[in-house]
Amino acid sequence: MGGSKWWKAKMAFGLKMNTCLNVPRTIEDASPSSAGRFSDAAFLSAPPPPRNSTTPTPSSSVLRLPNQSSKYSERTCTICLASMKPGHGHAIFTAECSHSFHFHCITTNVKHGKRSCPVCRAKWKEIPHQSLVTDKPHGKPSINNMSWARDDAWLTVIRRLPPSRVDANLHISSVFHPVEPRVFNDDEHISLLPDVTLLSGNDMADEHSVGVVEVKTYPEVSAVPKSAFHNNFAVLIHLKAPVTTRSRLSGIDRTSRAPVDLVSVIDVSGSMAGSKLALLKRAMGFVIQNLGPSDRLSVIAFSSTARRLFGLRRMTDTGKSEALQSVNSLRSNGGTNIVDALKKGGKVMTDREWKNPVCSMILLSDGQDTYAVSSPRGSKALNTRTDYQSLLPNSMHHNSASDSHIPVHAFGFGADHDSVSMHSISETSGGTFSFIETESSIQDAFAQCIGGLLSVVVQGLHVEIECIDPLLQLISIKSGNYRTSYTSNRRKGTIEVGDLYAEEERDFLVTTDIPIDGSCDEMSLLKVRCTYKDPISAQLVTRDPTSDLKIQRPVVTGRGVVSLEVDRQRNRLRSAEAMEEARAAAERGNLASAVSVLENCRKHLSETVSARAGDSLCLALDAELQEMQERMANRRVYETTGRAYVLSGLSSHSWQRATARGDSMDSTSLLHAYQTPSMVDMVNRSQTVLFGSSSPRPSIRPSRSFPAQPRPR
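Residues numbered from 1 in each chain as written. Predicted model: local features only at pLDDT ≥ 70, side-chain atom pairs only at ≥ 80, totals over all residues. Heavy atoms only, no water.

### Digging into the packing of aromatic side chains
- Taken as a whole and judged by the stated rule, the model has three aromatic pairs.
- Here the aromatic rings of Phe411 and Phe446 are separated by 5.0 Å at their centres, their planes lie at 65 degrees, and the arrangement is edge-to-face. Remark: Phe446 occurs in helix 11 (residues 442-453) and Phe411 occurs in strand 14 (residues 408-413); sequence separation between them is 35 residues.
- Taking relative accessible area as the criterion, Phe411 reaches 2% and is therefore assigned buried.
- Between the aromatic rings of Tyr482 and Phe508, the centroid separation amounts to 5.9 Å while the plane-to-plane angle is 90 degrees, which identifies the pairing as edge-to-face. Here Tyr482, found in the loop between strand 17 (474-478) and strand 18 (483-486), pairs with Phe508, found in strand 20 (residues 505-514); they are 26 residues apart in sequence, far enough to count as distant. Of the two residues examined, Tyr482 and Phe508, each falls in the buried class.
- In textbook terms, an aromatic cluster arises when at least three aromatic residues are bridged by ring pairs, as seen for Tyr482, Phe508 and Trp655.
- Note that Lys347 overlies the ring of Phe184, its terminal NZ or CZ placed 5.5 Å from the centroid. (Phe/Tyr/Trp six-rings, centres within 6.5 Å; stacked < 30°, edge-to-face > 60°. Helix = DSSP H or I, 4+ residues; strand = E, 2+ residues; numbered from the N terminus. Buried < 20%, exposed > 50% of the residue type's maximum accessible area, 1.4 Å probe, protein only. Lys NZ or Arg CZ within 6 Å of the ring centre and 35° of its normal.)

Okay, structure coming up:
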């Protein structure tokens, strides 16, 4: 017995002296333990990379050192010299430097102030400590950095150590991952677009032709008596993007679409293990396969740290094959470092040498950031809420002075993600926030998003509103998240709309006071002018008003009939306000008040003219409000799914753009109000192809606009 212990001690001492001199290899060289449970490769059309592939893996926390003592070190804890065989009732901790120990042994070391590896002396960024497994309240990070036995009573909680001096041992990853350049200007070359020229939209075509933004205005009522004062008189401004753009390049009139620069920032932390990661790979495969040769893609994978799998590459056949191989090689482990991922994704966009006309980021995570980041006020508390807005480069902010901001479309996956932070990221950048409640809907959610991104036909849309009658002033412009401004005399106002997808619609309610005026039988109210850029030709298009909006001023009028178009938009705005009010009440802990607010809004909607006419938008709003009521039934339901569902709905209504939430991807759902035909086509493709599925699901039908509904007589 004594000889055996002496032999173990010698082996441990030799391991301590020699292991740091060996070059590590990746876990790809080891046989995966979970291959029998789920095959990730089966979901992608490309084969997995060869064993000597330089495609990086998401974390260095599970490396093995190929030396004479590696098998021994995997079986023996070098602290207590006892066996570390799985299933013997002891949790095993694998450090960043690849060495493994009994969890209780290493936490005892840490408890006594030791924060480096007992074997190689590498200083750790992450240290383990014990915390008893309990039911965690919502709002605190749900951490799953390691795979423990299900009957183990302890989990590891990873703490981020304060910044310290650079230590060479911390850069072990450079041995097995390609070194990333300091500047990400290695993006693949693209052909240059022509210089910007100015073109009149009225000269291009009439309002019914391809390539011109359609502008319509609707007054609340068609007539106001001369002797009546009508305060907050509403005017609806309706915009609709063309089916496609028509560009005049090299004297040839051709129809095309604008190429895209897309950066996908995806979570591969330990909580994404199993079917989650497999379905994410399949969804990314769908995205890759549907990009064109002029589109460029870069993928950032993040867990404890973020890494760029590859720079912006054109999705040619070769580019697609390499992208699929890189995505297929991903493995899940480690924590969730959204901060590092955002910085790296933004750096890819800001450092690129070439730029496609359309650019965007997709961010997906199923957890909360497990790394402490100091708040703007200098708080050093661990796991404080991060000011994600400050992490985005200024060029990516929606209201920045930059000509082309970079929207981040965020996808919160499952019940444990930080919906508040993900929503904040998307709102700041001008993107949308989607709540992916079930694993099976992740591909459809991605499909809807890229269906829009691949159909951008209008960029930088700028709307100018001007009062015509000298007695009028603008009271308000209700535009959701779109930035508005007024002149000092409030005779003019502007709306910064930005990009529009093909056939996408925007509705804005403008209010003014109609004064008493007996001098005329007709009053001119407003005129609308818009300018935008054609993303293919880079031509600046000016859309001058074809006619002024007028109302009649008779001596006496009958009972005024409210415009159905104006009424339905009032209902949309009122519903969005109720959702925001209910959310605020729920966050204060008053769920009863939140449910009451939603119920009162539903009752009001049912009494409106458009609802009685069977308007599809009103039906969808009522269904959504009812769903929110059910998700506020109690605190547990609200914190697991209700909060994310409400935030996704608010994101959709504030931008008037489709988001995924609940069963919105189901063909029977009513939540298709903002889906464009391009989005519908892409979702149908996702649901019918399913990479070889023989049982396609029913296709989604686009929500019909109000004019298609029967009008009351």
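### Considering the packing of helix 12 (residues 564-587) against helix 13 (residues 591-606)
- Where helix 12 contacts helix 13, the axes come no closer than 7 Å and their chain directions differ by 170 degrees. It follows that helix 12 is roughly antiparallel to helix 13 by the angle criterion. Only Leu591, Ser593, Ala594, Val597, Leu598, Cys601, His604 and Leu605 of helix 13 make contact with helix 12, whose side of the interface consists of Asn571, Arg574, Ser575, Ala578, Met579, Glu581, Ala582, Ala585 and Ala586.
- Its residues assigned to classes, the contact of helix 12 with helix 13 comprises 11 nonpolar, four polar and two charged. (Axes fitted to C-alpha atoms, helices over the stretch in contact; angles between N-to-C directions. Parallel < 35°, antiparallel > 145°, perpendicular 65-115°, else oblique. Contact = heavy atoms within 4.5 Å. Nonpolar A, V, L, I, M, F, W, Y, C, P; charged D, E, K, R; others polar.)

### A closer look at the nonpolar core
- In terms of nonpolar packing, the biggest core is built from 48 residues, with Leu280, Leu297, Val299, Leu364, Phe411, Ile442 and Phe446 touching the most fellow members.
- The dominant element in this core, judged by the number of residues it contributes, is helix 6 (residues 275-290), at eight residues.
- Not counting chain neighbours up to four residues away, the residues in contact with Phe446 comprise Leu280, Ala283, Met284, Val287, Ile362, Leu364 and Phe411.
- With 45 residues, the next largest nonpolar core counts Phe184, Phe302, Cys359 and Met628 among its residues. (Core = buried A, V, L, I, M, F, W, Y, C linked by side-chain atoms within 4.5 Å.)

### Focus on unusual backbone geometry
- Of note in this structure, Asn232 is not a glycine but carries a positive phi near 50 degrees.
- Mapped onto the elements, Asn232 comes out in strand 7 (residues 230-240).
- With relative accessibility at 39%, the residue Asn232 sits in the partly exposed group.
- A positive phi angle, near 55 degrees, is found at Arg490, a position not held by glycine.
- Summarising the element assignment, Arg490 is placed in the loop between strand 18 and strand 19 (492-501).

### Things to note about helix 7 (residues 317-328)
- Between its first and last C-alpha atoms helix 7 spans 16 Å; for 12 residues at 1.5 Å apiece the expected length is 16 Å, and the two agree.
- Listed as buried for helix 7 are Gly319, Lys320, Ala323, Leu324, Ser326, Val327 and Asn328.
- Next to the buried residues of helix 7 lie helix 6, strand 11 (296-302) and strand 12 (306-314). (Expected span 1.5 Å × (residues − 1).)

### Here we look at the sheet that holds strand 15 (residues 433-436)
- The mixed open sheet is built from six strands, whose spatial order is 12-11-10-13-14-15. Here the strands that pair on one side only, and so sit at the sheet edges, are strand 12 and strand 15. Neighbour-to-neighbour, the strand axes of this sheet turn through a mean angle of 15 degrees, independent of strand direction.
- Pairing between strand 14 and strand 15: four bridges, direction parallel. Bridge pairing links Gly412 to Phe435 in strand 15.
- The sheet contacts of helix 6 involve strand 10 (260-267), strand 11, strand 13 (358-365) and strand 14, and relative to strand 10 the element is tilted by about 175 degrees. (Pairing = 2+ DSSP bridges.)

### Here's the deal with the confidence of the model for the protein chain
- Averaged over every residue, the pLDDT of the protein chain is 76; residues scoring 70 or more account for 67%.
- Of the regions scoring below 50 in pLDDT, residues 130-176 engages in 89 contacts with residues more than four places distant in sequence or in other chains.
- This model gives residues 193-210 a pLDDT under 50, and the stretch forms 39 contacts once residues within four places in sequence are excluded. (pLDDT = per-residue confidence, 0-100.)

### What about the sheet that holds strand 6 (residues 214-219)?
- The strand order 6-7-20-17 describes an open sheet built from four strands, whose pairing is antiparallel. Only two strands of the sheet have a single neighbouring strand rather than two, namely strand 6 and strand 17. Each adjacent strand pair in this sheet contributes to an overall mean axis angle of 20 degrees, direction not counted.
- In this sheet, strand 20 lies alongside strand 17 in antiparallel orientation, the contact comprising four bridges. The partner of Ser476 across the bridge, within strand 20, is Thr511.

### Details of the side chain of His417
- Assignment of secondary structure puts His417 in the loop between strand 14 and helix 10 (419-429).
- The exposure class of His417 is buried, given its relative accessible area of 2%.
- There is a polar contact of 2.8 Å between the side chain of His417 and the backbone oxygen of Gly414.
- With residues near it in sequence (within four places) discarded, His417 still touches Ser365, Asp366, Gly367, Gln368, Gly412, Met422, Phe433, Phe435 and Ala644. (Polar contact = N/O pair within 3.5 Å; in protein donor to acceptor, adjacent residues only side chain to side chain.)

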